[in-house]
Amino acid sequence: MALEGGMKCVKFVFFFNFIFWVCGVALIAIGVYALGAVGKVPVALVAGSGGSPAAIVVLGVIIFFISFFGCCGAWKESYCMVTTFAVLLSLICLVEIAAAIAGYVFKDKVHGLVEKGMSELMRGYDKDPVLATAMDGFQREFSCCGVNNYTDWASLEPFKSNDTVPRSCCRTDTPTCNVRPTPATVFVKGCLPSVEAWVKNSIVLLAAVALGIAFFEVLGIVFACCLMRGIRSGYEVM
C-alpha cells in the first residue's frame, strides 16, 4: 500500500513538473517577445509596468529550473531536493497570488496612466513614426479619435493649422476624409474609455490566469509533500 501511494506521488510530481516546465518555457518566450515589442508602446502607458516583460522572463526561468529540480528530486528519491522543490514552489505560488491581488487593485488606477499615455501619443504623432503607428492602431481598432473626442487634434500642430485629423480617424478612408472633420466623416468618441476598458480587462484576465496557475501549484505542493513523507518514512519508491 505504501509502495502504491509512493508510486502515485512520483507520477503526479512528474506530471505537474512537466506542466510547470512547459509553462516556464512559454513564459520565457512571451517575455522575450514582449521585450522586443515594448518599445512600440508609449512610455507613459507602460510606466507602471515597464519591467513586466523582464519580470515574465525571470519568472519563466525560475519556474523552468524549479520544475527541473523537482523532477530530479522525484527521480532520485531525494528528500532534500523534493523539500527544496516544495518550498520554492510555495514561494512562487505566494508571489503569484500577491501579484494577482496587486493587479486587481491596480486596475482602479488605470485611468490616469492611460490618459497620460494617450496624450503622449498625440503630442508625438508627427515626430515619431512609432507613436503615430500606435495611435493609428488604437483609433482604427476602437473606432475612435483623439483622447476625449476628435476635437483634441485641433489643439496640436500641424492639425491645427490645416484643420485636419489623422486619416485613422476616418469612418471611410479616402484621400480627403480627414480634411475639415465633422461627425459625419470621422469617429466622434475619444479612445480613452475603450483603451482603459481594454487595459482593465487584460489585468483582470492576467490576475485570473495567475490564480489558476497558483491553484495547480498548490496541488503540486501537496503531492510533493506526500512524496516527502514517503521518502522520510523509508518507503521504497520505484
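All figures in this text were calculated on a predicted structure; none of them were measured in a lab.

(A) Summary view of the overall build of the chain. Counting its regular elements, the chain contains 7 helices and 0 strands. For the chain, buried positions account for 38% of its 238 residues. A fraction of 70% describes how many contacts in the chain between residues 6 or more apart in sequence connect residues 24 or more apart.

(B) Looking closely at the confidence of the model for the chain. When pLDDT is averaged along the chain, the result is 75, and 76% of the positions lie at 70 or above. Per-element confidence in the chain ranges from a low mean pLDDT of 61 for helix 1 (residues 2-37) to a high of 88 for helix 6 (residues 159-162). The low-confidence segment residues 1-6 (pLDDT under 50) makes 6 contacts with residues lying over four places distant or belonging to another chain. In this model residues 46-51 is a low-confidence stretch, pLDDT under 50, and it forms 3 contacts with partners more than four residues away in sequence or in other chains.

(C) Structural detail: the state of the cysteines. Within the structure shown, the criterion is met by 3 disulfides. Put simply, cysteine 144 and cysteine 191 are joined by a disulfide, and their sulfur atoms are 1.9 Å apart. Handedness of the cysteine 144-cysteine 191 disulfide follows from its S-S torsion of about 95 degrees: it is right-handed. Here cysteine 191 lies in the loop between helix 6 and helix 7 (192-232) and cysteine 144 lies in the loop between helix 5 (129-142) and helix 6, a separation of 47 residues in the sequence. Taken individually, cysteine 144 and cysteine 191 each receive the classification buried, so the pair is uniform in this respect. Disulfide partner of cysteine 170: cysteine 177, at an S-S distance of 2.0 Å. In this structure the cystine formed by cysteine 170 and cysteine 177 twists about its S-S bond by roughly 90 degrees; its chirality is therefore right-handed. Take the cysteines of the chain that form disulfides and number them in order along the sequence; they join up as 1-6, 2-3, 4-5.

(D) Spatial organisation of the packing of helix 4 (residues 110-123) against helix 5. Helix 5 packs onto helix 4 with a crossing angle of 120 degrees between their chain directions and a minimal axis gap of 8 Å. Compared by their axis directions, helix 4 and helix 5 come out oblique. Regarding helix 4 and helix 5, the two cross each other, and that crossing is left-handed. Contacts between helix 4 and helix 5 pair Met118, Glu120, Leu121 and Met122 from the former with Leu131, Ala134, Met135 and Phe138 from the latter. Of the residues assigned to the contact of helix 4 with helix 5, the class counts are 7 nonpolar, no polar and 1 charged.

(E) Seen up close, the pattern of salt bridges. Evaluation of the coordinates by the stated rule reveals 2 salt bridges. For aspartate 126, the salt bridge goes to lysine 127, with nearest N and O atoms at 3.5 Å. On the basis of relative accessibility, which here comes to 43%, the residue aspartate 126 falls in the partly exposed class. Its relative accessible area of 64% is what places lysine 127 among the exposed residues.

(F) Seen up close, the packing of aromatic side chains. Within this structure, the stated rule accounts for 5 aromatic pairs. Relative to tryptophan 153, the ring of tyrosine 125 lies with its centre 5.2 Å away and its plane at 75 degrees, an arrangement referred to as edge-to-face. Remark: tryptophan 153 occurs in the loop between helix 5 and helix 6 and tyrosine 125 occurs in the loop between helix 4 and helix 5; sequence separation between them is 28 residues. Pair check on accessibility: tyrosine 125 and tryptophan 153 agree, each one buried. Taking 4.9 Å as the distance between ring centres and 65 degrees as the angle between the ring planes, the aromatic pair formed by tryptophan 153 and phenylalanine 159 counts as edge-to-face. Here tryptophan 153 and phenylalanine 159 have matching classes, each one buried. Clustering of aromatic rings is evident, with ring pairs tying together Tyr125, Trp153 and Phe159.

Rules used throughout
- Residues numbered from 1 in each chain as written.
- Predicted model: local features only at pLDDT ≥ 70, side-chain atom pairs only at ≥ 80, totals over all residues.
- Heavy atoms only, no water.
- Helix = DSSP H or I, 4+ residues; strand = E, 2+ residues; numbered from the N terminus.
- Buried < 20%, exposed > 50% of the residue type's maximum accessible area, 1.4 Å probe, protein only.
- Contact = heavy atoms within 4.5 Å.
- pLDDT = per-residue confidence, 0-100.
- Disulfide = S-S within 2.5 Å.
- Axes fitted to C-alpha atoms, helices over the stretch in contact; angles between N-to-C directions.
- Parallel < 35°, antiparallel > 145°, perpendicular 65-115°, else oblique.
- Left-handed = near helix turned anticlockwise from the far one by under 90°.
- Nonpolar A, V, L, I, M, F, W, Y, C, P; charged D, E, K, R; others polar.
- Salt bridge = Lys/Arg side-chain N within 4 Å of Asp/Glu carboxyl O.
- Phe/Tyr/Trp six-rings, centres within 6.5 Å; stacked < 30°, edge-to-face > 60°.

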